[in-house]
Structure formats: structure tokens, C-alpha cells
Amino acid sequence: MTLVLVLAVLYFYPGDSQPVDEPPPTATGTAEQPSNEAALKALPLVPWEGGSAYYGGFGAKAWADPAFFPVGVWLESVVEPGDAAGDKALGLNTYMGLTSTSNAQRVRESGMWTLTDQPLAGYGEEAVGWVIDDEADMWAGPGDAKWTGNHPGEGPLCVPEGERCGYTVLKERKSRLPKDGRPLYANFGKGVIIWETDEEASRFVNDYTDIVSSDVYWYTSEGICQDAKNYINVPLDKCRRSANYGMLIEKLRRLDSLDKKLQPVYAVVEVGWPGKDDKRAIEPDELAGAVMSSLIHEARGILYFNHNFGGPCPSQHVLRERCGDKTRPMVVEMNKRIKQLAPVLNTQSYEHRFGDGLDTMLKRHGDALYVFTMLDRDASPGPHKLALPPGIKADKAEVLFEGRTIPIDGSGQFSDSFEAEYSYHVYKIPI
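These numbers come from a predicted model, not from an experiment. (Residues numbered from 1 in each chain as written. Predicted model: local features only at pLDDT ≥ 70, side-chain atom pairs only at ≥ 80, totals over all residues. Heavy atoms only, no water.)

**Student:** Which parts of the structure should I look at to understand the packing of helix 5 (residues 166-176) against helix 7 (residues 198-206)?
**Tutor:** The description of two helices packed together rests on the angle between their axes and the distance between the axes. At a minimum axis separation of 10 Å, helix 5 and helix 7 run at an interaxial angle of 10°. Considering the angle they form, helix 5 stands roughly parallel to helix 7. Residues Gly-166, Tyr-167 and Leu-170 of helix 5 touch helix 7, and the partners they reach there are Glu-200, Arg-203 and Phe-204. When its residues are assigned to classes, the contact of helix 5 with helix 7 shows 3 nonpolar, 1 polar and 2 charged. (Axes fitted to C-alpha atoms, helices over the stretch in contact; angles between N-to-C directions. Helix = DSSP H or I, 4+ residues; strand = E, 2+ residues; numbered from the N terminus. Parallel < 35°, antiparallel > 145°, perpendicular 65-115°, else oblique. Contact = heavy atoms within 4.5 Å. Nonpolar A, V, L, I, M, F, W, Y, C, P; charged D, E, K, R; others polar.)

**Student:** Help me out: how do you make sense of the side chain of Asn-206 in this one?
**Tutor:** Residue position: Asn-206 is located in helix 7. A polar contact of 2.9 Å, which involves the side chain of Asn-206, links it to the backbone oxygen of Leu-255. Setting aside residues up to four positions removed in sequence, Asn-206 forms contacts with Leu-255, Asp-256, Leu-258 and Asp-259. (Polar contact = N/O pair within 3.5 Å; in protein donor to acceptor, adjacent residues only side chain to side chain.)

**Student:** Hey, could you run me through the sheet that holds strand 7 (residues 184-188) in this one?
**Tutor:** Hydrogen bonds between backbone atoms are what pair the strands of a sheet, whose relative direction is either parallel or antiparallel. Within the closed barrel, the 8 strands sit side by side as 1-2-3-4-7-8-9-10. Their pairing is parallel. Within the sheet, the average angular offset between the axes of one strand and its neighbour, ignoring direction, is 30°. The sheet contact formed by strand 8 (residues 211-214) and strand 9 (residues 265-270) spans 3 bridges and is parallel. Residue pairing in the sheet places Ser-213 in a bridge with Tyr-266 of strand 9. In this fold helix 5 packs onto strand 4 (127-134) and strand 7, with an angle of close to 150° to the strand it touches most, strand 4. Sitting on the sheet, helix 11 (residues 328-345) is in contact with strand 1 (71-76) and strand 10 (301-305), with an inclination near 170° to strand 10. (Pairing = 2+ DSSP bridges.)

**Student:** Help me out: how do you make sense of the packing of helix 7 against helix 9 (residues 243-257) in this one?
**Tutor:** The N-to-C vectors of helix 7 and helix 9 enclose an angle of 85°; their axes lie 9 Å apart at closest approach. Regarding the angle of helix 7 to helix 9, the classification is roughly perpendicular. Packed against helix 7, whose contacting residues are Asp-198, Ala-201, Ser-202, Val-205 and Asn-206, the element helix 9 presents Lys-251, Leu-252, Arg-254, Leu-255 and Asp-256 at the interface. Considered class by class, the residues forming the contact of helix 7 with helix 9 number 4 nonpolar, 2 polar and 4 charged.

**Student:** Would you mind going over the side chain of Asp-359 with me for this structure?
**Tutor:** Mapped onto the secondary structure, Asp-359 falls in strand 11 (residues 358-365). Look at Asp-359: it is buried, it has no salt bridge, and the nearest opposite charge is Arg-353 at 6.1 Å. In terms of polar contacts, Asp-359 uses its side chain to reach the side chain of His-297, at 3.3 Å. Each residue touching Asp-359, except ones within four places of it in the same chain, is listed here: Ala-243, Ile-296, His-297, Phe-372, Thr-373, Met-374, Leu-375 and Asp-376. (Buried < 20%, exposed > 50% of the residue type's maximum accessible area, 1.4 Å probe, protein only. Lys, Arg positive; Asp, Glu negative; His and termini not counted. Salt bridge = Lys/Arg side-chain N within 4 Å of Asp/Glu carboxyl O.)

**Student:** What is the right way to look at helix 9 in this model?
**Tutor:** Residues spaced three or four apart along an α-helix point in a common direction, a consequence of the helix completing one turn every 3.6 residues. Over its 15 residues, helix 9 extends 21 Å from the first C-alpha to the last, a length consistent with the 21 Å expected when each residue adds 1.5 Å. Every buried residue belonging to helix 9 is among Ala-243, Asn-244, Tyr-245, Gly-246, Leu-248, Ile-249, Lys-251, Leu-252, Arg-253, Leu-255 and Asp-256, and all of these are buried. (Expected span 1.5 Å × (residues − 1).)

**Student:** I would appreciate a short explanation of the environment of His-307 in the present structure.
**Tutor:** The residue His-307 is located in the loop between strand 10 and helix 11 in this model. Assessed through its relative accessible area of 4%, His-307 is described here as buried. Apart from the residues within four sequence positions on either side, His-307 is in contact with Trp-74, Leu-75, Trp-273, Pro-274, Ser-315, Gln-316 and Val-318. Polar contacts involving the side chain of His-307 include one to the main-chain carbonyl oxygen of Leu-75, which spans 3.3 Å.

**Student:** When you look at the packing of aromatic side chains in this model, what are you seeing that I'm missing?
**Tutor:** The description of an aromatic ring pair uses the distance of the two centres, along with the angle that the planes make with each other. Under the criterion given, the structure shown has 12 aromatic pairs. Measuring from ring centre to ring centre gives 5.4 Å for Tyr-123 and Trp-130, while their planes differ by 80°; the resulting arrangement is edge-to-face. Residue classification places Tyr-123 among the partly exposed positions, given a relative accessible area of 33%. Consider the rings of Trp-139 and Trp-147, whose centres lie 6.4 Å apart with planes at 50°: the pair is tilted. Assigned by exposure class, Trp-139 and Trp-147 land together as buried. Among the aromatic side chains, those forming a connected cluster through ring pairs are Tyr-54, Tyr-55, Phe-58, Trp-63 and Phe-68. Directly above the aromatic system of Tyr-167 lies the positively charged group of Arg-203, at a separation of 3.8 Å from the ring centroid. (Phe/Tyr/Trp six-rings, centres within 6.5 Å; stacked < 30°, edge-to-face > 60°. Lys NZ or Arg CZ within 6 Å of the ring centre and 35° of its normal.)

**Student:** What is the right way to look at helix 5 in this model?
**Tutor:** Listing the buried residues of helix 5 in full gives Gly-166, Tyr-167, Thr-168, Val-169, Leu-170 and Arg-173. Buried positions along helix 5 lie against strand 4, helix 4 (136-139), strand 5 (146-147), strand 7 and helix 7.

**Student:** When you look at the sheet that holds strand 11 in this model, what are you seeing that I'm missing?
**Tutor:** Pairing is antiparallel in the open sheet, where 5 strands are placed in the order 11-12-17-14-15. Here the strands that pair on one side only, and so sit at the sheet edges, are strand 11 and strand 15 (404-407). Sheet twist, expressed as the mean angle between neighbouring strand axes with direction ignored, is 25°. Note: strand 14 (residues 396-399) against strand 17 (residues 424-430), 2 bridges, orientation antiparallel. The partner of Val-399 across the bridge, within strand 17, is Tyr-427. Across the sheet, helix 10 (residues 284-296) lies against strand 11, strand 12 (368-375) and strand 17, angled at about 125° from strand 12, the strand it touches most.

**Student:** What is the right way to look at unusual backbone geometry in this model?
**Tutor:** Most peptide bonds adopt trans geometry, and most residues besides glycine take a negative phi value. For the bond from Val-159 to Pro-160, the omega torsion is 0°, close enough to zero to count as cis. Relative to the assigned elements, Pro-160 resides in the loop between strand 6 (158-159) and helix 5. Phi is positive for Glu-135, which is not a glycine, with a value near 55°. You can see Glu-135 is positioned in the loop between strand 4 and helix 4. Residue classification places Glu-135 among the buried residues on the basis of a relative accessible area of 8%. The backbone of Asn-233 sits at a positive phi, close to 60°, despite the residue not being glycine. Looking at the element boundaries, Asn-233 is found in the loop between helix 8 (224-232) and helix 9.

Any functional reading would require information beyond the geometric quantities listed.
So this is what it looks like as C-alpha cells:
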């Protein structure tokens, strides 16, 4: 790029979709036996920016709806009448960047949303925010030198040449955008995540944006594994794993917290063969694992990188064209599941470790707990035990999208199997 359950192999069972819009819980228990409510209140909460309510502060009422979760595609074009409608049919709802030739009215009439790097002609309520720039941490670097105004491939970047001017790029680009209260977004890359110190990276993450993301394509990027080993101690044999997409979100969230003011962190996942020097494309199950790992680590939006700059099928519109035939069905299915679970995803998570070797997220919506689970980077596939928080009483866990139920024993434990590093499960536990 130059600019967000449940199986080892994912299957969709018609009729398995479960509504998540449920009545408020009722307290249970006695003076002798504490209720589940009391046990939940004893758990610490994961710090957050407010979920969907965050966008209400920017006047984006539709995005403030707890049933809305941003699922977007990077730098598309909407020119032909069917472009936006076709993208919406895939389960997308947001364009993160659009070409200057795009038609704002067609986007608006389709019910899609945009964040663009400049106002499109005739833009209106579909424009919920603005894009400052992409990967200035990499191509301009951490520094305050003068910027020439060029982007990569257009000539010298910083003055004097060889100096670093990434902070200047973002400052100047931000100053040119409308000052209308819409949120500002920027994407970063290997600079923030791998190469730079926390002090350098923190300025990128905290000084300019209201929404932030970073793209590191763990499954496909040539050279990423050696860089990750050298700079952040990711073992070579554990580089191309879904868990590293979650690690990326975790690092962005940690950097974001350094100024004591939180913003939504989005995930970026490739859908094909993004780099011209890459040697492989992402596989459908890997894509699903990357999305789920990002969500488990508190990603507040999913963006798909929709370009093939390498490989046997070059494309700027992978999900629209034959180049996306392999991964498109998985994208559609994941988007469907995210939409169904949006009211759950838009709640604040509880802190709880369910077991060794697992990355997990615990949420509560209505009268049920939702546990999102997959293997961490160091775990081996196979059976794993999960333990509910102390004091929580439940007798079963429904495995969403899989058509099965797992018993929970009297000590609050249950077991399940994870057949591959990208396997994941989402459990709905009535309480």
C-alpha cells in the first residue's frame, strides 16, 4: 500500500445467524451466591475511546449508531452507476480514499460513506471525514524538515535532501483540509510499527489524527519478516500469522494511549497480492484470521487493501474484478458476520485472560457474554481450555456460525480445538 467466529476452515450454516439485539439482563443470585452481575462489575474494563458513540462528537449521527461498524476499502473509484451499489453488496459501507474522478452523488445515493484527501465536487453528508495522508512515517520519515510538497516518485521530498520531514507533511496536509468538524484520518506503515522509536512513532499517531490505522501485510509482504525479526524480535517462523495483525493493533493502541487521549484504531488487511516484489497472495482463511485477530485486539474498523501491484493478476479493483474471485467470498462472509455482531463489537470489553496460548476478547451484550478467541502467536494448534471469569455461572457456550454448543462445567471451564494458526471461534454464553 502506498497509501476490521470461528473455525479452522470457515463454513456458513444458513439459519445459524443469531440476533444480538436482546433485552436488558436481569440480576440473579442470592446473598449467599453472588450474581453474574456482581462478578462482571468486579472485572476491570479495557480502556476505549467510546465505541460508536465516539463519532457522535463529530456530528456523524449514522456512525454513532451502535449497529454500525466501519468496513471499508482503500482508495477506490466510483465512476460508473453500479460501482457503489456493487461494493455495498459485498458488505462494505465506507470508502477510505476515493479517486478525484469519483462521483460524490452516486456514493451518497448508494448509502455509502467516504473519507477523502480532498473534497469531491458536490460532496455532502456522505463525507464523514478527511484523509490527511498515507505512510508519511515511511517515505518522509520522523522529522520536522521542510517538505517540498512532493510525494514518492515526484522528485525530492525533504529540504535539505536527505533530511526527514514526515511531521511537516502531516501538519501541512492537515492545514489544507476543510475545518468543518469532520474527523481526520491518517494511515501509517512499517515506520510506526517496526522501524521507529516510541517517541518518534508517538508523534505520528497522536499529533494529527482522530482516526488512525497502520498497514503491515504480514502474510504477503516480501522482506517484512526479516525487518520484524531485526527490529521487534518477531521470530521468522512466526511472522506469517494472523496473530501479528492483532499485535499491530495492540501496538498502535499503546502508542495512542501515550497522550492519554484515545482514538479509534482501524485494521488494514490485504485481499490479494499487494506488493510488486511479493512472492505470494493471502489465502481466504488467512484473511479471515487477520480480520478476527484485529477485532480481538480492539480494532474499531476494518479496511481492505484492494490493489494488486504484484503477482499474476494486477488490479486496482481486486474485489470487483476476477483477481478477487478467490478471496471475495470470504470478504463477503466476514463482512456479514461483522454487521451481525456490530452491537456487540461496539460495547466496551472486559479484561480477562481465558487461558494460556489464547488471544481473547470478552464483551457483554444483553443477557449474554461474547467471547472472541483465537491462538496467540506462540501457541500450537490443537485443543485448548478456556476459563470464565471468577464468579460467572453458565452451563453452555453456543459457537456462533458453527451450529454447535459446548458444555461449560461447574468450575466455569470449557474446551475447544483450534486446527490452524488462523482458526478462531466466537462464543455466545447466556448468563
